[in-house]
Amino acid sequence: MKKYKGMILFEGGTYNPIVILYKYDSDNEKTGNMGQIYIIRSDMLPSEALKTGNDYIICGDCIHSKQGTCYVNVGTGVNSIYRSWLNGNYEPLNYKILKHKLKNSFVRFGAYGDPVFIPLELVEFISKNCKGWTGYSHQWQEPQFNAYKRYFMASVDNESEYQKSIDLGWRSYRVSTNNETLNGEIMCPHDAESDTPIQCADCRLCDGLGRHKNARNIAVIVHGLQYKINKFNSIQVSTV
């Protein structure tokens, strides 16, 4: 029997060329062993979609895609996931198997792509059956995605967006150039000074209004490839 790397949660058709993949395991240093959900265009290599701007159907209006500061390493990591799917390493959606896989697992919604593009009924099923989750969306200002605030954090990039997200009833996750917090924020526990940084799988504070409804908002120091960090910092400074 073939051992699959994950499951196909959703496949759109010609007019909605999106595939949503759930990778069962991860060795990500920051997140720990969490199941990883990828939202990817099904009709082209992810790096090509990013290069041509055709990633808008899975990233929406995320500023980091447009200005080249997304922390995700698309050219290696996401391309590899895409090729693995093409090679048949992801099994078809089966809710019984999925429920079993989720039973003792923590889930990271949106390892790539914005998780509000995952059908809400799938988000509800996964969050109900897993041990805990994290998720972030740049689409929080769009009213049609309001129901997702229960599950995901509003991904914000400055103090103005931070305040607006609060006014709209979201919890927020703010990327910053430093470790200074705004009123109502705490630093991401992984960034806190410690000999043993806390991994997302152990923390799980970033679950929107889910199991931590009254928790504080999170600030995180910009991370990813160094050239992307440098670009993010230069843009932030120039807009102050």
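Analysis parameters
- For every chain, the first residue of its written sequence is number 1, and the numbers climb from 1 along that sequence.
- Confidence filtering applies because this is a predicted model: local features only for residues at pLDDT of at least 70, side-chain atom pairs given and counted only at 80 or more, and all residues used for totals across whole chains, interfaces and linings.
- With hydrogens and water excluded, all non-hydrogen atoms of the structure serve as input to the side-chain values.
- Helix and strand labels come from DSSP, where a helix needs a run of H or I of at least four residues and a strand needs a run of E of at least two; each type is numbered from the N terminus.
- With a 1.4 Å probe rolled over the protein chains alone, any residue whose accessible area is under 20% of its type maximum counts as buried; one over 50% counts as exposed, and the rest are partly exposed.
- Two residues form a contact once any of their heavy atoms are found within 4.5 Å.
- In this description, accessible areas are obtained by the Shrake-Rupley approach with a 1.4 Å probe, and a residue is regarded as covered only by the protein chains that are shown.
- Charge assignment in this entry is limited to Lys and Arg as positive and Asp and Glu as negative, and neither His nor the chain termini are counted.
- Charge coordinates come from a single atom per side chain, which is NZ of Lys, CZ of Arg, CG of Asp or CD of Glu.
- As used here, the term nonpolar core means buried Ala, Val, Leu, Ile, Met, Phe, Trp, Tyr and Cys residues forming a set that is joined through side-chain atoms within 4.5 Å.
- Note on pairing: DSSP must find at least two bridges between two strands before they are called paired.
- What counts as an axis is a line fitted to C-alpha atoms, over the stretch in contact for a helix, and the angles between N-to-C directions run from 0 to 180 degrees.
- The labels follow the angle: roughly parallel below 35 degrees, roughly antiparallel above 145, roughly perpendicular from 65 to 115, and oblique for the rest.
- Helix crossings are classified by the rotation of the near helix relative to the far one: an anticlockwise turn of less than a right angle makes the crossing left-handed, while a clockwise turn makes it right-handed.

Enquirer: Let's hear about the overall build of the protein: which residues, and what values?
Expert: Counting its secondary structure elements, the protein contains nine helices and eleven strands. Dimensions of the protein, computed from the C-alpha atoms along their principal axes, are close to 55 × 40 × 40 Å. Expressed as a percentage of the 240 residues in the protein, the buried residues total 48%. Within the protein, residue pairs in contact and separated by at least 24 positions form 66% of the contacts whose partners lie at least 6 positions apart. Carbon together with sulfur atoms contributes 50% to the accessible area of the protein, which is approximately 12300 Å² in total. Distance between charge centroids for the protein: 8 Å, based on 27 positive and 24 negative side chains.

Enquirer: Please provide a residue-by-residue account of the nonpolar core, values included.
Expert: Counting residues in each nonpolar core, the largest one holds 46 residues, and the members touching the most others are L9, I37, V107 and F109. Beyond its immediate stretch of four places on either side in the chain, V107 contacts Y22, M34, G35, I37, L102, I126, C130, G132, W133 and T134. Formed by ten residues, the second largest nonpolar core is a distinct cluster that contains Y136, Y173, C206 and I218.

Enquirer: Kindly report on the side chain of N89, identifying the contributing residues and their values.
Expert: Tracing the chain through its elements places N89 in the loop between α4 (74-86) and β4 (90-91). N89 has contacts with K2, Y4, K5, G6 and S84, leaving out every residue within four places of it along the chain.

Enquirer: A description of the pairing of strand β5 (residues 106-112) should follow, citing residues and the corresponding values.
Expert: Judged by how many residues are buried, β5 sits mostly within the fold: seven of seven residues are covered. By the bridge criterion, three bridges tie strand β3 (residues 35-41) to β5 in an arrangement that is parallel. Directly across from Y38, in β5, lies its bridge partner Y112. Alignment of β5 against strand β6 (residues 132-134), held across three bridges, turns out to be parallel.

Enquirer: Can you tell me about the sheet that holds β4, naming the residues and giving the values?
Expert: An order of β4-β1-β2-β3-β5-β6 is seen for the six strands of this open sheet, with the pairing classed as mixed. Each edge of the sheet is formed by a strand with only one pairing partner; in this case those strands are β4 and β6. Pairing geometry for strand β1 (residues 6-11) and β4, over two bridges, is parallel. By the bridge assignment, M7 is partnered in β4 with E91. Strands in contact with α4 are β1, β2 (18-23), β3, β4 and β5; relative to β3, the strand with the most contacts, it is inclined by about 85°. Against the sheet, helix α5 (residues 95-102) touches β1, β2, β4 and β5, its axis set at about 125° to β1.

Enquirer: Please give an account of the sheet that holds strand β7 (residues 136-137) that cites residues and values.
Expert: Within the open sheet, the five strands sit side by side as β7-β8-β9-β11-β10. Their pairing is parallel. Taken across any chain shown, the strands that pair with only one partner, and hence form the sheet edges, are β7 and β10 (185-187). Here β10 pairs with strand β11 (residues 217-221) via three bridges, running parallel. Looking at the pairing, E185 lines up with N217 of β11. In the packing of helix α7 (residues 159-167) onto the sheet, the strands contacted are β8 (153-156), β9 (172-176), β10 and β11, and the crossing angle to β8 comes to about 160°.

Enquirer: Tell me about the packing of α5 against helix α6 (residues 120-129), and name the residues and values.
Expert: With their axes 8 Å apart at the nearest point, α5 and α6 run at an angle of 40° to one another. Looking at the two axes, α5 sits oblique to α6. You can see that α5 and α6 cross each other, and the crossing is right-handed. Between α5, through Y95, L98, K99 and L102, and α6, the contact on the second element is made entirely by L122, F125, I126 and N129.

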